[in-house]
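Report on the structure
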Amino acid sequence: ERSTSAASAADPACPGRRPYHTLLTSQATTYQAWQSRIMYYHFVKQRKLAGPCGEMGGFTRLVASEDGKPDGLEAEMPSFFVRQYTTAEIARYGHFGVLNRPFSVVQFADRGGFEALQEQFVYIAETDHVLMRPLPNLATPDKAAAFSFGYMHCGSSHQPLLDKFAPGVTYSDVQPVGPSPLVVSKPVLRRLAPLWLNLSLALKLDPVADRRFGWVLEMWGYSIAAASLGVKHRLVRNFQVEYGASAGRIPPEFPTLSYIFHYTYGIEYTLQGRPQGVMQIGEWSLDKRHYGADHPPRGLQLPPDGANAAAFWLTRAWNEASAGIPAWPDSHSMGTVGWRRNKPTAEELAASPLARRVEGSRWSWSGVAGFEFARGGELVTPWGKGVWGLVSKAAGGADDPSKDAQIKACADCLFADFANANHNVRFSWDADPPTFRSVRVGDLQEVAGKWLGGGGPAA
């Protein structure tokens, strides 16, 4: 474990400089590892742009891992490892993994982490934060700085829960903030962390509070803890942006107007550059959730013409980081095209000779019979129902036989998704009987199939 700090604030060449230390809370998963790498790349870039008098000081990735074991990225970025909740422990709290965040900060404090930092302020960051410009110290010793979340406003209907878990606190005391993005003095954070953790745990165990606060419960644990201790925040509305496709027109200069791009939402477009729709995966899609077990590929395809400025900026930010990190691994996942995997419409079936030929056909899957491309995009397998359909139009084609190309650029594939896995399937109709090769997205596991009847050659 180690962390780096900037030079002392008492630099005569930089009067009034108040450096802060960036504390990136993370877990030892592939999903958060690649996000951490992008975040750190842009942190280093913006700290350099800030110059010697900038207030961006040292950096520590605070990682919750099994038994506090290193995860292999400690040579790439300064890291401090603490133990995550065990499976049995977190099961008591409904497997709500974000509780590891306050648990990590408490362990960091208990092990002298704050005392080891030269800076007197801390910026708590999340893995899906990308700095767009140098971030100054927005806090003071007695007033933290935080983003104002539109979904975190406390009202009179919350008062019964406040009376139960934070006696003496009224709903008007609770600010619409969470623990990130946050700049706060070390003494205040040291005082806040234990109550933030304990309140989050208690709220999660209470059925009424759990239902009321849902997926942002741990954020409420922080905001109620702050109100209980009288900690006030400066509300910084341009601390971050969270743009998606539905944001409409965004001024090209938006990166100069806010500090952080928080890519908590996917950006989903049709290939014609129109927003795909609410809760829809786009024909062009940039969404962190696609990469739960694999890094995003380098050189992601840019958005279609008509997409907003945020889509272009974030794609380029990911591409810049992945290109600039020498050890970025080869990805076996799709890029920004291919994730929209819906049952084919009647119009799509009519326009696709391949889909018409496959519909209604029965196959074996790795020698196991019972795999059927049923009517209307229904997939019937020995392992449960699934969905099949047309792979979104991407560059490439049948002339590249590699498994990797079958995932990233397959113009003559269908998808067959079942058992929580995505597969791209390419058919060989000249074989006797016809066969297919399936390649699983993420790990390139290959499976062979053989035609057993229906559809297929008879179509």
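In the block above lies the structure referred to throughout.
Described in the following lines is the structure provided in the data block.

Calculation criteria
- Residues numbered from 1 in each chain as written.
- Predicted model: local features only at pLDDT ≥ 70, side-chain atom pairs only at ≥ 80, totals over all residues.
- Heavy atoms only, no water.
- Buried < 20%, exposed > 50% of the residue type's maximum accessible area, 1.4 Å probe, protein only.
- Helix = DSSP H or I, 4+ residues; strand = E, 2+ residues; numbered from the N terminus.
- Contact = heavy atoms within 4.5 Å.
- Phe/Tyr/Trp six-rings, centres within 6.5 Å; stacked < 30°, edge-to-face > 60°.
- Lys NZ or Arg CZ within 6 Å of the ring centre and 35° of its normal.
- Disulfide = S-S within 2.5 Å.

This part takes up helix α3 (residues 100–110). With 10 of 11 residues buried, α3 is to be regarded as a mostly interior element. Of all the residues in α3, the buried ones are N100, R101, P102, F103, S104, V105, V106, Q107, F108 and A109. Tucked inside the fold, the buried residues of α3 contact β1 (20–27), β2 (56–65), β3 (79–83), α5 (186–205) and α7 (217–228). Immediately downstream of α3, the backbone of G112 shows phi near 80 degrees, a positive value.

Right, let's talk about the packing of aromatic side chains for a bit. According to the stated counting rule, one finds 37 aromatic pairs in the structure shown. When the centroid spacing of 6.0 Å and the interplanar angle of 90 degrees are considered together, the rings of W34 and Y291 count as edge-to-face. Here Y291 lies in the loop between β12 (284–286) and α8 (309–324) and W34 lies in helix α1 (residues 30–50), a separation of 257 residues in the sequence. Judged by relative accessible area, which is 0%, W34 ranks as buried. Ring centres 5.7 Å apart and planes at 80 degrees place the aromatic pair F373 and W388 in the edge-to-face group. With F373 in strand β14 (residues 368–373) and W388 in strand β16 (residues 384–390), this pair connects stretches of sequence that are 15 residues apart. Overall, W388 belongs to the buried group, its relative accessible area being 0%. Ring-pair connections join several aromatic residues into one group, and the members of that group are W363, W365, F371, F373, W383, W388, F418, F427, W429 and F436. Here the guanidinium or amino end of R133 rests over the ring plane of Y259, the centre of that ring lying 4.0 Å away. Between R357 and the ring centre of W429, over which it is positioned, the NZ or CZ distance is 4.2 Å.

Attention shifts here to unusual backbone geometry. Following S180, the chain continues to P181 via a peptide bond in cis, the omega torsion being -5 degrees. In this fold, P181 is placed in the loop between α4 (159–165) and β7 (182–185). The residue after D432, namely P433, is reached through a cis peptide bond having omega 0 degrees. By secondary structure assignment, the location of P433 is in the loop between β18 (423–428) and β19 (435–440). Its identity as a non-glycine residue notwithstanding, M279 has a phi of 55 degrees, on the positive side.

Another point: the side chain of T264. Residue placement: T264 occurs in the loop between β10 (260–262) and β11 (267–269). Classification of T264 by relative accessible area gives buried; the value is 13%. In this structure, T264 is in contact with D128, E242, K288 and R289, ignoring residues within four places of it in sequence.

The next subject is the state of the cysteines. Two cysteines joined by a covalent bond between their sulfur atoms form a disulfide. One pass over the full model with this rule turns up one disulfide. Paired through a disulfide, C14 and C53 show a sulfur-sulfur distance of 2.0 Å. Sign of the S-S torsion, about -75 degrees for the bond between C14 and C53, identifies this disulfide as left-handed. Linking C14 in the segment before β1 with C53 in the loop between α1 and β2, this pair joins segments that are 39 residues apart in sequence. A relative accessible area of 3% places C14 in the buried class.

Turning our attention to the environment of V169. For V169, the position within the fold is in the loop between α4 and β7. V169 sits 61 residues away from G230 along the chain, and the two C-alpha atoms are 9.4 Å apart. Not counting the four nearest positions on each side in its chain, V169 is found in contact with Q159, L162, D163, V174, A227 and S228.

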